[in-house]
Amino acid sequence: MSSRSLSLPLFRPRERVKVRVLSWLVLALLFPGALTYADGWIHIRPPYPLPHHPRPHYLAGGMEVTKHHVTVTLVDESAEVTVDEVFHNPHNRVLEGTYYFPVPAHAAVDNFRVTLGGKELAGEILRRDEARRIYEQLVRQAQDPALLEYYGRELFRARVYPIPARGEVQVSIRYRHTIERTGSMSRFSYPLDTGRFSGGPYRDVQILVDATTTGELRSITSPSHPVQVERPGPTRAKVRYEVATDAARKDFELQLITGQAGLAGGVRSYRDSNEDGYFLLRISPGSDIPAQRKPNTAVFVIDTSGSMAGEKILHAKAALANALNRLRPEDSFQIVTFAARLRTFRETAVQATPATIAQAQQFVQSLVARGGTDLNSAVQAGIAAAQSHDDAVLLLLSDGAPTVGVIDPKKIVQEAVALNRGDTRLHILGIGHDVNTVLLDDVSRKNRGSQTYVERGAALESVVSAALDKVLYPCVTDLTIAADGVTISELEPHGPYDLFFGEDLVVTGRYRGNGSARLRCTGEENGSQRTFIFTGDFVSHGGADDVPYLWAQSRIMRLLDELRSTPRDAQDPLREQIAALGLRFGIVTPYTSFLVTEDASPLAATLRERVRARPQLNREAEGERSGFDEATGSSSFGYSRKQADRKKALIVGRVAEAKKEAQWREALQIRRIGGRAFFPVGNRFVDGSLQGKELPAPTRTLHVGSVQFMTFLRDNPGAARILAAGVPTLFRWNDEVVQVELTQDPTDSPAVAPADKTPPTATQPRERF
């Protein structure tokens, strides 16, 4: 039981000091045999009487980690991991302990060293059943449920003695294992999260990964940590994570997608109780655009009205010039300019020969911004020009501010959808901070296009280049997903999907059933119908607990897009869905927090009060709300750009957005545990799915370490992460409402292993376990 567990974040900062001191008094009185941890961790053996102490002397505080270096070599599906770490004993006495390190299934530990006067200690691997027995024993001894986080892992252990007073112990361990692979996606995980139990944050943390694959390494991302990635070649990557201090509260994870040809990808899944599970499909086409591809027809529609005067028209002309230079001779193109009236480069699309490209560049440079804005006629002209060619793409460069002709945004969108019939993708490049993002988002989304917003010239070239590659070089279009072996539903985002070179496709959803199953992805590739098969393990319990969060995040973003273009008198159902998802999954970004202001549940009230109590969070929430409600202006522009960044973050690894989410959750004291959000209400943390005007009464109470607690864990292994939270919790499990208490069950006496009666000496032989 750590002080962090007892010092609940329900108290003001000054009170936390008092509670932390009190927590150690409670620890000594109620939970003897306290643990200290590291990565692994060192379990201090049950204390023995000192000569001047007639009773065992218990220590407060854990072993400190002053160095933690990890070197990983990945070759296809095998991993070699070397861990070098230094533990510091902050106490004025010699200690004896046992070093534990949770390892993946069937891992081989081929090198273990503890530097204690040059003496090397022996250790052993405990396979899963024996490891679970040890985890349970330690939980019952120390009343610390956090060890159950590793309930499904095997365990390496070795006895460590002596641990010098105010001294250091240097530990080195090397192990090999096979990494998890589903389809073309591999997942490497390192148990960094044991650091949350150490005596303070880790210092001098470094993780270096050298990955080599037989096939092309299409994608390598870390959904857990902000990493630096270097790509020496198409089959190799070097990944670095390095910080001076790290709280070490979560595992370090890498996801790799490899492939020889065609599409590559894989499936991850998660389920805890008997509800439908969650899955994530990631597909990667690679970043290399093939030399041979079907010719494209590109229609460029550029706004030259007076509202584009100044830097905006310069940026738009530079973007269009860039687009023209990216065309191939076999492609064709058309340019439509609009202000109060329309103007075209040619009457029909022309081949992108060097001569016509040069003429088009001169045409673009001659453009000036003046007059009104007939956006509706421009959109319709662009759609008509694109529909006269097979598989044409349409790119609109504008600030989306109609002043001439049809100016009602809803009517502009309706007429565009009616004319298009879903055949042409309408992509948006919005330029300037006063873009009408509501209109442009809506017209693009309902015509199956993408949205890119550029505010400053510095980022113009890279942003526009990425957007143009997406527009001009689709890999697979009209992709649909079906399943064999499980039933899938509630896909987010909705399909059909378009897949582009250099950009992964991430689709999340729900599933019913379990076991190995196939996802069939069918679409058009280079003019031919193709089906791609991705096999995945749809688990009955456990799995990747970030998948439910990613599904909820994607669903909330789609609902917000719909809400923004929905009449106010029809918004309530969407608002209720967004608020419910935000509470259940802990989506605490500002654009969802304000949506729960009228919710009467204790969870919503907690979130609302904590936002209002923190000026910075309140300002951010108000700023997001303003951007959401307004159609134009800098706040509206910022909101739409953030939405685009969030969607991109789902694809590329979520690092920047994940850090922002984590800051919000920390400020609001919300915990994400086992795919759910838990809110501090009173003296306990409450499952976000327990929504209502009143919290339900528990139907079952579990005391940590009790017989009932362990029995519930064995019967419901999917609940291990919730039971490992180390705080009083109230959560829904199947048809029950379960309450976890940290106090000892008065009707149950945990079986505590007897302590050594005499202290060992440095000369005593160290027995094997």
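See the structure above.
Presented here is a report on the structure given in the accompanying data block. Note on numbering: residues in each chain are counted from 1, in written sequence order. This being a predicted model, a pLDDT of at least 70 is required before a residue's local features are given, and a value of 80 or more before pairs of side-chain atoms are given or counted; all residues contribute to the totals for chains, interfaces and linings. With hydrogens and water excluded, all non-hydrogen atoms of the structure serve as input to the side-chain values.

### Thoughts on the overall build of the protein chain
Selection criterion: Only runs of H or I of at least four residues qualify as helices and only runs of E of at least two qualify as strands under DSSP, and these elements are numbered from the N terminus. The contact criterion used throughout is that any non-hydrogen atoms of two residues lie within 4.5 Å. Each accessible area is a Shrake-Rupley estimate made with a 1.4 Å probe; only the visible protein chains count as cover when residues are assessed.
Broken down by element type, the protein chain carries 18 helices and 37 strands. Restricting the contact set of the protein chain to residue pairs at least 6 apart, pairs at least 24 apart contribute 74%. As displayed, the protein chain has an accessible area near 31700 Å², and 50% of this comes from carbon and sulfur atoms.

### Here we look at the packing of aromatic side chains
For clarity, the cut-off: Geometry of aromatic contacts follows a simple scheme: Phe, Tyr and Trp rings, the Trp one being its six-membered ring, pair when their centres are within 6.5 Å, and the pair is stacked under 30 degrees between planes, edge-to-face over 60, tilted otherwise. Our definition puts a charge over a ring when NZ of Lys or CZ of Arg is within 6 Å of the ring centre and also within 35 degrees of the ring normal.
Per the counting criterion, the structure on display carries twelve aromatic pairs. Their ring planes at 55 degrees and their centres at 5.6 Å tell us that phenylalanine 101 and tyrosine 175 sit as a pair that is tilted. Here phenylalanine 101, found in strand 4 (residues 95–103), pairs with tyrosine 175, found in strand 8 (residues 168–178); they are 74 residues apart in sequence, far enough to count as distant. Ring-pair connections join several aromatic residues into one group, and the members of that group are Phe101, Tyr175 and Tyr190. Positioned over the ring face of tryptophan 551 is arginine 510, at 5.4 Å from the centre of the ring. Across the ring face of tyrosine 549, the terminal group of arginine 672 is positioned such that the distance to the ring centre comes to 4.0 Å.

### Some remarks on the pairing of strand 30 (residues 528–538)
We count it as follows: Any two strands between which DSSP finds at least two bridges are classified as paired.
With eleven bridges connecting them, strand 29 (residues 515–525) and strand 30 associate as antiparallel partners. Within strand 30, the position partnered with glycine 515 by the bridge is phenylalanine 538. Connecting strand 29 to the antiparallel partner strand 30 that follows it, the hairpin turn spans two residues, and asparagine 526 within it adopts a positive phi of roughly 55 degrees.

### Considerations on the sheet that holds strand 34 (residues 684–687)
Applicable threshold: For every element, the axis is a line fit to its C-alpha atoms; helices are fit only across the contacting stretch, and the angle between N-to-C directions ranges from 0 to 180 degrees.
Spatial strand order, 32-33-34-36-37-35: six strands in an open sheet with mixed pairing. Looking along the sheet, the strands with just one partner apiece sit at the ends: strand 32 (671–673) and strand 35 (700–703). Strand-to-strand twist across the sheet, computed as the mean angle between neighbouring axes with direction ignored, equals 30 degrees. With four bridges connecting them, strand 35 and strand 37 (residues 736–741) associate as parallel partners. Bridging from a neighbouring strand, leucine 702 pairs with valine 740 of strand 37. Seen against the sheet, helix 11 (residues 572–585) touches strand 32 and strand 33 (676–681) and runs at an angle of roughly 85 degrees to strand 33.

### Examining the packing of helix 10 (residues 547–564) against helix 11
The relative placement of two packed helices is expressed as an angle between their axes plus a distance between the axes. This is how it is decided: Orientation labels follow simple angle bins: below 35 degrees gives roughly parallel, above 145 gives roughly antiparallel, 65 to 115 gives roughly perpendicular, and whatever is left gives oblique. The hand of a helix crossing depends on one turn: near helix anticlockwise from the far one by less than a right angle means left-handed, and clockwise means right-handed. Ten residue types, Ala, Val, Leu, Ile, Met, Phe, Trp, Tyr, Cys and Pro, are classed as nonpolar, four, Asp, Glu, Lys and Arg, as charged, and the remainder, Gly among them, as polar.
Two elements in contact, helix 10 and helix 11, have axes whose closest approach is 10 Å; the angle formed by their N-to-C orientations is 155 degrees. Overall, the two elements helix 10 and helix 11 adopt an arrangement that is roughly antiparallel. For the pair helix 10 and helix 11, the sense of crossing is left-handed. Residue-level contacts link Pro548, Tyr549, Trp551, Ala552, Arg555, Ile556, Leu559, Leu560, Glu562 and Leu563 of helix 10 to Leu574, Arg575, Gln577, Ile578, Leu581, Gly582 and Phe585 of helix 11. Residues belonging to the contact of helix 10 with helix 11 are distributed by class as follows: twelve nonpolar, two polar and three charged.

### Describing the pattern of salt bridges
Where we set the bar: Here, a salt bridge means any side-chain nitrogen of Lys or Arg that lies within 4 Å of a carboxyl oxygen of Asp or Glu. Only protein chains enter the accessibility calculation, which uses a 1.4 Å probe; a residue is then buried when its area is under 20% of its type maximum, exposed when over 50%, and partly exposed in between.
Under the definition given, this model contains 35 salt bridges. With its nearest N and O atoms 2.9 Å apart, the salt bridge here joins aspartate 478 to arginine 448. Of this pair, aspartate 478 sits in strand 25 (residues 474–484) while arginine 448 sits in the loop between helix 8 (437–445) and strand 24 (451–454), placing them 30 residues apart in sequence. For aspartate 478, a relative accessible area of 32% puts it in the partly exposed group. Measuring nitrogen to oxygen at the nearest pair gives 2.7 Å for the salt bridge that ties arginine 558 to glutamate 562. Here glutamate 562 and arginine 558 lie together in helix 10, a separation of four residues that amounts to about one turn. Overall, the relative accessible area of 16% leaves arginine 558 in the buried class. For glutamate 562, a relative accessible area of 30% translates into the label partly exposed. Connected through salt bridges with shared partners, the residues Glu490, Glu492, Arg555, Arg558 and Glu562 form a single ionic network.

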